[in-house]
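Chain and residue survey
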Amino acid sequence: MLETLFSMRGKVCVVTGGSTGLGSYMAQGFLEAGAERVYITARSADKLQAKAEELSAIASGECLPVVGDLSTLEGVEALAARLRDQESFIDVLVNNAGLGTGGPFAQMSADDWDRTMDINLRSPLFLTQALLDLLKGRATVDAPSSVIFISSVAASEIYAHVMAYSTSKKAVEHLTPQLALAFADEHIRVNAIAPGRFYSEMTRGAWQDPEAEAYKAELQRIPAHRYGDIHDIAGVAIMLCSRAGAYFTGEVLNVDGGHRLRR
Ligand SMILES: NC(=O)c1ccc[n+]([C@@H]2O[C@H](COP(=O)([O-])OP(=O)(O)OC[C@H]3O[C@@H](n4cnc5c(N)ncnc54)[C@H](OP(=O)(O)O)[C@@H]3O)[C@@H](O)[C@H]2O)c1
């Protein structure tokens, strides 16, 4: 049973923001678990191409780059159109691309707010809508499609300086069960992962100097005493998209080493 439980064999997946960080970790996990094709998307064509080549070399499945900017609805539709040109169905959509913003409230502009909401909340929602036909494509009771939203531990904690980001992620968590119910009869499951601190470009400033006092103090504070890595996020994403997690829908999984328990 174990061989099939966590298998992604034959699956066609889309991971936005797949050129670096968490998106690239999940794309790699899907390929190592047997996925047939994993489309990764991002704005920077060079980085995306390099990552697609690197990931295509590690397993029998193919990793394919699709360049696109998800900060506007035009960008969302253009990306969806490129995917529709390539595939008549997809099994998995991971809405991972996101923007980390923060700073004193007094200095936050309406543009900062809009940018954060657009990339973290509006675009994932409307990309899911634009890809609905592909997600329905071959979904059945026994082999449902899977949509994953990426939230953040910031949705569960209160910070004075990350209002737009944490509000966008809280909204993603609220959207998740609503979409799960809306798509249930189409055999599309919708879940969210709320990561704690992971090694990625977004957090590079916090961990790049392993001797920094602030980094060491942070590791002390996190109950797991470490940042999350590829295994932590890929493991949960594979579980949610394979038979192992096929009875999850409308759920938010906190993958944070206990971060939200102690700040
Ligand atoms: N790292 C953490 O500790 C952590 C914790 C909680 C939640 N998260 C969430 O995890 C997700 C991934 O973050 P990460 O830490 O892996 O960040 P990352 O390493 O900076 O990766 C972000 C990815 O998104 C792409 N991207 C950014 N803006 C885009 C846009 N406008 N259109 C299309 N693609 C865009 C980036 O490529 P281009 O720049 O080339 O477009 C890149 O592939 C985000 O939703 C973030 O909020 C991360």
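A few points on the structure.

Conventions we followed
- Here the residue index of a chain counts from 1 through its sequence in written order.
- Note on the predicted model: pLDDT of at least 70 is required for a residue's local features to be given, and 80 or more for side-chain atom pairs to be given and counted; whole-chain, interface and lining totals, by contrast, use all residues.
- A run of DSSP states H or I qualifies as a helix once it reaches four residues; a run of E qualifies as a strand once it reaches two. Both are numbered from the N-terminal end.
- Between the two quantities, the radius of gyration covers C-alpha atoms and the globule rule is 2.2 Å times the number of residues to the power 0.38.
- Three exposure classes are used, all based on how many other C-beta atoms lie within 10 Å of a residue's own C-beta (placed from the backbone): buried at 20 or more, exposed at 12 or fewer, and partly exposed between those limits.
- Simply put, an axis is a line fit to the C-alpha atoms, just over the touching stretch for a helix, and the angle between two N-to-C directions goes from 0 to 180 degrees.
- Any angle between 65 and 115 degrees counts as roughly perpendicular, while under 35 counts as roughly parallel, over 145 as roughly antiparallel, and the rest as oblique.
- Left-handed describes a crossing whose near helix is turned anticlockwise from the far helix by less than a right angle; the clockwise case is right-handed.
- Contacts are defined on C-beta atoms placed from the backbone: any two residues whose C-beta positions lie within 7 Å are in contact.
- Put plainly, near means the residue's C-beta atom, positioned from the backbone, lies within 6 Å of the molecule or strand in question.
- Following the grouping adopted for this structure description, the nonpolar residues are Ala, Val, Leu, Ile, Met, Phe, Trp, Tyr, Cys and Pro, the charged ones are Asp, Glu, Lys and Arg, and the polar ones are all others, Gly among them.
- For the purposes of this analysis, a nonpolar core is taken to be any set of buried Ala, Val, Leu, Ile, Met, Phe, Trp, Tyr and Cys residues that are connected through C-beta atoms within 7 Å.
- The span expected for a helix works out to 1.5 Å for each residue beyond the first.
- Comment: arc refers to directions from the helix axis out to C-beta atoms.
- For two strands to pair, DSSP has to find at least two bridges joining them.

What follows is about the overall build of the protein. Along the backbone of the protein there are ten helices and seven strands. By the compact-globule yardstick of 18 Å for 263 residues, the protein fits well, its C-alpha radius of gyration being 18 Å. Projected onto the principal axes, the alpha-carbon positions of the protein cover approximately 50 × 40 × 35 Å. Looking at the 263 residues of the protein, the share that counts as buried comes to 45%.

This paragraph deals with the packing of helix α5 (residues 110-130) against helix α7 (residues 163-182). Their axes nearest at 9 Å, the elements α5 and α7 cross at an angle of 20°. If you check the angle between α5 and α7, you find them roughly parallel. Crossing geometry of α5 relative to α7 is assigned as right-handed. Contact residues: α5 offers Asp-112, Trp-113, Thr-116, Met-117, Asn-120, Leu-121, Pro-124, Leu-125 and Thr-128, while α7 offers Ala-164, Tyr-165, Ser-168, Lys-169, Ala-171, Val-172, Leu-175 and Leu-179.

Around the ligand, 29 residues are found, and the nearest of them are Gly-17, Gly-21, Arg-43, Gly-98 and Ser-200. Looking at the shell around the ligand, the element that brings in the most residues is helix α2 (residues 21-32), giving three residues. A breakdown of the residues in the shell around the ligand according to their chemical character gives ten nonpolar, 14 polar and five charged.

Glancing now at the nonpolar core. In this structure, Cys-13, Met-26, Phe-30, Val-38 and Ala-237 are the most contacted members of the largest nonpolar core, which totals 68 residues. Sort the elements by how many residues they give to this core and helix α10 (residues 230-241) lands first, with seven residues. Aside from chain neighbours lying at most four places away, what touches Val-38 is Cys-13, Val-15, Ala-27, Phe-30, Leu-31, Gly-61 and Cys-63.

For the rest of this paragraph, the subject is unusual backbone geometry. Positive phi, normally seen in glycine, also occurs at His-187, with a value near 65°. Residue placement: His-187 occurs in the loop between α7 and β6 (188-195). Phi at His-225 takes a positive value of approximately 60°, unusual for a residue other than glycine. By the secondary structure assignment, His-225 is in the loop between α9 (213-221) and α10.

The next subject is helix α3 (residues 45-56). Between the first and last C-alpha of α3 there are 16 Å, a value that for twelve residues agrees with the 16 Å anticipated at 1.5 Å per step. Here α3 has its buried residues at Leu-48, Lys-51, Ala-52 and Leu-55. One side of α3 holds all its buried residues, which, seen down the axis, span an arc of 100°. For α3, the exposed residues set more than 90 degrees away from the buried face come down to Asp-46, Glu-53 and Glu-54. On its buried face, α3 sits against α2, β2 (37-42) and β3 (62-67).

For the rest of this paragraph, the subject is the sheet that holds strand β7 (residues 252-255). With parallel pairing, the seven strands of this open sheet are ordered in space as β3-β2-β1-β4-β5-β6-β7. With partners counted over all chains shown, the strands left at the sheet margins are β3 and β7, one partner each. The sheet shows a mean angle of 20° between the axes of neighbouring strands, direction not considered. Note that strand β1 (residues 12-16) and strand β4 (residues 92-95) share three bridges and pair parallel. The residue of β4 that forms the bridge with Cys-13 is Val-92. Here helix α4 (residues 73-86) sits on the sheet and contacts β1, β2 and β3; the angle it forms with β3, its principal contact strand, is near 145°.

Interaxial distance between α4 and α5 falls to 9 Å at its minimum, and their mutual angle equals 35°. Judged by the sense of rotation from one axis to the other, the crossing of α4 with α5 is right-handed. Here α4 contributes Leu-73, Val-76, Glu-77, Leu-79 and Ala-80 to the contact with α5, which in turn contributes Ser-123, Phe-126, Leu-127 and Ala-130. Across the contact of α4 with α5, the residue classes break down as seven nonpolar, one polar and one charged.

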